[in-house]
Amino acid sequence: MAVDGAGLEAVPADTAPGGTGKTGRDARRIEGWSIAWMLLALAVWGWFVFLLLADYGPEVSSYQGSRSLCRGPFVDPSPQERVCRGDALRQWPSLLAILALAVVATVTAAATTVYAKVLARLAHSGGSRVNPQG
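Residues numbered from 1 in each chain as written. Predicted model: local features only at pLDDT ≥ 70, side-chain atom pairs only at ≥ 80, totals over all residues. Heavy atoms only, no water.

### Focus on the overall build of the protein
For the protein, the helix and strand inventory stands at 3 helices and 2 strands. Walking the protein from its N terminus toward its C terminus, one meets helices and strands in the order α-α-β-β-α. Across the 134 residues in the protein, those meeting the buried criterion constitute 24%. Residue pairs at least 24 apart in sequence account for 51% of intrachain contacts in the protein once pairs closer than 6 positions are excluded. A total of about 9,800 Å² of accessible surface is found on the protein, and carbon and sulfur atoms cover 64% of it. (Helix = DSSP H or I, 4+ residues; strand = E, 2+ residues; numbered from the N terminus. Buried < 20%, exposed > 50% of the residue type's maximum accessible area, 1.4 Å probe, protein only. Contact = heavy atoms within 4.5 Å. Areas by Shrake-Rupley, 256 points an atom, 1.4 Å probe, with all protein chains shown as cover.)

### Brief notes about the packing of helix H2 (residues 22–53) against helix H3 (residues 92–125)
For the pair H2 and H3, the least separation of the axes is 7 Å and the interaxial angle reads 160°. For the element pair H2 / H3, the angle class is roughly antiparallel. As H2 packs across H3, the resulting crossing turns out to be left-handed. Partitioned by chemical class, the residues of the contact of H2 with H3 number 26 nonpolar, 7 polar and 2 charged. (Axes fitted to C-alpha atoms, helices over the stretch in contact; angles between N-to-C directions. Parallel < 35°, antiparallel > 145°, perpendicular 65-115°, else oblique. Left-handed = near helix turned anticlockwise from the far one by under 90°. Nonpolar A, V, L, I, M, F, W, Y, C, P; charged D, E, K, R; others polar.)

### Focus: the nonpolar core
The biggest cluster of nonpolar side chains holds 7 residues, and these are Val44, Phe48, Leu51, Leu52, Leu95, Ile98 and Ala102. Of all the secondary-structure elements, those providing two or more residues to this core are H2 and H3. (Core = buried A, V, L, I, M, F, W, Y, C linked by side-chain atoms within 4.5 Å.)

Laid out in structure tokens, this is it:
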């Protein structure tokens, strides 16, 4: 099956129909980055929630069964056991730093998603420019 490129020579690459020009390629590339940022943001949020809510520390046996000695920082913000204070990732300064990372990743994911949508719209509109009225 031969491809005839004669019809494509007359159309500039930036205004090719179907978003195949540079703007369309940029939109697809940025969309890939936005998906990567979204996955990273979800992973950091999941890590933050796990560290905040999950029990940790040595197992303690009782008549009700065994459970972890230390409760999550959201459940028990100030643990009484010395063992519970030793885990640096479960302390509030570290949790707030992870929260800041999650917020930065989320904002970046949102910004790249919006930028990819704008580029896709520009690629879809092609060369037809709409003059603003006013």
